[in-house]
Amino acid sequence: MAPLSLLEKAQVWLFKAVFGVLFTLFRLLSPRRPVMSGKKLPPISNPLLFVSATQLAKKIRRKEVSSVEVVRAYIDRIQEVNPFVNAVTKDRFDAALQEATQVDKLIEEETGGEEVLEDRLPLLGVPLSVKESFAFQGMPYTSGVVSRRGVVATVDAPVVALLKRAGAIPIGVTNTSELCMWFESHNHLHGITNNPYDLERIPGGSSGGEGSILGAAGSVIGVGSDIGGSIRMPCFFNGIFGHKPTPGVVSWENQYPPCTGRHEEYISNGPMCRYAEDLLPMLEIMAGPKAHMFSLDRKVDLKKLRFFTIPHDGGFPLSYPVSKELMDIQRKVVERLEADLGVQVQEVCFPELRYSFQIWNTYMGLPDKEGKPPQAFAELMGEPGRPVWPMWELLKWMMGKSEHTMAAIGLSLLEMTHVSKPSPFIIQQKEKLQKEVDKLLGTDGVLLYPSHPRVAPKHHHPLFRPFDFTYTAIINILGLPVTQCPLGLGEEGLPLGLQVVAGKLQDHLTLEMALYLEKTFGGWRDPGAN
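Because the structure is a prediction, the values reported are computed rather than measured. (Residues numbered from 1 in each chain as written. Predicted model: local features only at pLDDT ≥ 70, side-chain atom pairs only at ≥ 80, totals over all residues. Heavy atoms only, no water.)

**Student:** Explain the side chain of D313 to me, please; I cannot follow it from the model alone.
**Tutor:** Along the chain, the position of D313 falls in the loop between β9 (306-309) and α10 (324-341). Notably, D313 is buried but unbridged: the nearest opposite-charge side chain belongs to R354, and the N-O separation is 7.4 Å. At 2.9 Å, the side chain of D313 forms a polar contact with the backbone nitrogen of G315. Among residues more than four places away in sequence, those in contact with D313 are S319, L353, R354, Y449 and Y471. (Helix = DSSP H or I, 4+ residues; strand = E, 2+ residues; numbered from the N terminus. Buried < 20%, exposed > 50% of the residue type's maximum accessible area, 1.4 Å probe, protein only. Lys, Arg positive; Asp, Glu negative; His and termini not counted. Salt bridge = Lys/Arg side-chain N within 4 Å of Asp/Glu carboxyl O. Polar contact = N/O pair within 3.5 Å; in protein donor to acceptor, adjacent residues only side chain to side chain. Contact = heavy atoms within 4.5 Å.)

In structure tokens form, the structure reads like this:
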């Protein structure tokens with residue numbers, strides 16, 4: 001295996017040094033948070049909160065329960081848990097109840113029968129939460145940036161519009177990391193979001209508000225986006241399901257920040273939910289006129305698939321090694337697959353995975369077809385004015401005068417280390433990995449891969465280990481579909497899970513695996529239960 005060049009070694013050293021200094025400064029100078037240890041979410045009392053969106057829609061269509069009852073149940077739950085988790089940044093409860101009343105009236109007046117409603121409005125009357133970085137008409141559209149305070153969306157992002165058109169009722173928007181480029185959902189506009197299983201820990205990011213409110217049972221289905229793990233890390237840390245589709249099918253338009261450079265090749269918008277059966281219908285709706293590309297109506301026989309497992313990335317020196325409990329649970333999945341399905345799960349190794357961070361970092365910086373590079377992070381931080389000066393912003397932060405988080409400042413500092421010409425060695429590693437993985441998976445292969453080296457970290461600890469996201473990020477650059485699946489709770493009562501990866505446009509395979517793993521390992525668990 002070829003070693004890193006001296007320049008790449010220097011970059012890695014610099015990254016480690018910068019984030020070590022930032023973390024030390026943060027611990028010394030950041031204001032103390034209110035102590036949340038010992039506090040716990042109240043248990044779920046309304047049985048409607050234990051019903052999937054698919055089944056809720058059926059019950060609403062059959063008049064077994066009204067949409068108003070369902071929406072009210074979720075409003076009550078949000079009001080109960082949001083003071084603990086700070087996930088919903090702006091609600092629309094009154095409007096949602098009015099829309100639910102109209103849904104119940106529509107059902108009363110419908111003469112075509114349940115089947116007509118199911119075909120035309122598959123999510124009729126079901127509440128929905130939306131990541132605040134998506135344009136949602138009449139709602140805040142800030143992505144956690146203080147300078148965007150007061151910005152309100154004037155249109156709906158296509159994925160939001162499609163879900164609304166399918167009958168879903170949005171009840172609020174949820175918190176993100178600043179500019180959606182960090183895996184802790186914290187900003188100086190909406191504050192910090194907590195993990196429902198342990199309020200002292202992170203819910204992930206950038207779709208951390210979605211992950212948190214879903215995990216807390218304040219929502220049943222939600223919308224996330226993912227360019228480095230922003231659906232999958234929150235789903236992993238909060239014990240729910242999430243799917244990052246094959247890119248290029250689900251629209252990425254009307255999000256902030258917008259895609260520049262080659263980012264549209266790596267970003268995917270997808271469903272987040274507590275119940276596996278909701279993934280497929282949500283994805284079908286969100287894909288709109290391109291849904292046929294996913295072959296979601298194709299029957300999947302798991303016994304006829306080929307299965308592979310990779311227990312770790314081979315040892316990137318700046319990320320944590322995968323913990324024993326996560327390696328153990330992945331091994332249990334392998335054992336259950338072999339026992340239940342009679343298949344053989346082959347352990348494989350790709351040495352190129354060791355360079356996952358360098359591959360992601362390199363490709364995220366590549367110019368588009370016209371040679372235009374991605375918009376600089378410092379520019380985004382400074383909009384609508386001039387770009388920020390990272391060193392000055394760091395000094396301001398130390399004086400308590402910056403509007404930006406330490407994570408955002410750190411990313412802008414790291415951006416200054418980017419080299420203009422990508423490393424031929426890293427390009428070679430990516431191309432080799434792409435070829436090997438595509439060949440391995442084909443149209444009938446499924447790969448098990450860790451979601452993260454450890455369970456949900458304590459608040460702000462990612463500042464000291466910023467490279468642990470590479471387990472999810474490499475899948476974005478490879479352009480593969482992947483479903484994040486919960487696998488129960490670990491030693492500390494925190495969610496366990498793994499990624500299920502398939503070949504391009506084979507999303508239906510990983511969605512079927514999600515159903516199997518939910519049945520086998522129990523799926524989402526109530527964080528308030530004893």
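And the narrative resumes.
**Student:** How do you make sense of the UniProt feature "domain: Amidase" (unreviewed entry) in the protein when you look at a structure like this?
**Tutor:** As recorded in UniProt, the sites labelled "domain: Amidase" (unreviewed entry) are residues 69-511. Strand forms 14% of residues 69-511 and helix 35%; the C-alpha atoms that close the span are 30 Å apart. (UniProt positions renumbered as here; feature names shortened; annotations may be inferred.)

**Student:** I would appreciate a short explanation of the pairing of strand β2 (residues 127-131) in the present structure.
**Tutor:** Every regular strand shows the same layout, with side chains that alternate between the two sheet faces. Judged by how many residues are buried, β2 sits mostly within the fold: five of five residues are covered. Examined bridge by bridge, β2 and strand β3 (residues 169-174) share five bridges and lie parallel to one another. Paired with S129 across the strands is G172, a residue of β3. After leaving β2, the chain enters helix α6 (residues 158-165) and then returns to the sheet as β3, a path that is right-handed. As defined by bridge partners, β2 adjoins strand β6 (residues 221-226) across two bridges and the pair is classed as parallel. Looking at the pairing, S129 lines up with G222 of β6. (Pairing = 2+ DSSP bridges. Right-handed = clockwise from strand over helix to strand, strands pointing away.)

**Student:** Is there a simple way to explain the sheet that holds β6 in this structure?
**Tutor:** Each strand in a sheet pairs with another by means of backbone hydrogen bonds, the pair being arranged parallel or else antiparallel. In spatial order, the strands read β1-β3-β2-β6-β8-β7-β12-β13-β11-β9-β10; together these eleven strands make up an open sheet with mixed pairing. Only two strands of the sheet have a single neighbouring strand rather than two, namely β1 (88-91) and β10 (345-347). Along the sheet, successive strands turn relative to each other by an average axial angle of 25°, direction set aside. Bridging between strand β12 (residues 482-489) and strand β13 (residues 495-502) involves six bridges; their strand directions are antiparallel. By the bridge assignment for β13, L489 is matched with P495. Its contacts with the sheet place helix α4 (residues 93-109) against β1 and β3, and it is angled at close to 160° to β3. Sitting on the sheet, α10 touches β9, β10, β11 (445-449), β12 and β13, and the angle it makes with β13 is about 55°. (Axes fitted to C-alpha atoms, helices over the stretch in contact; angles between N-to-C directions.)

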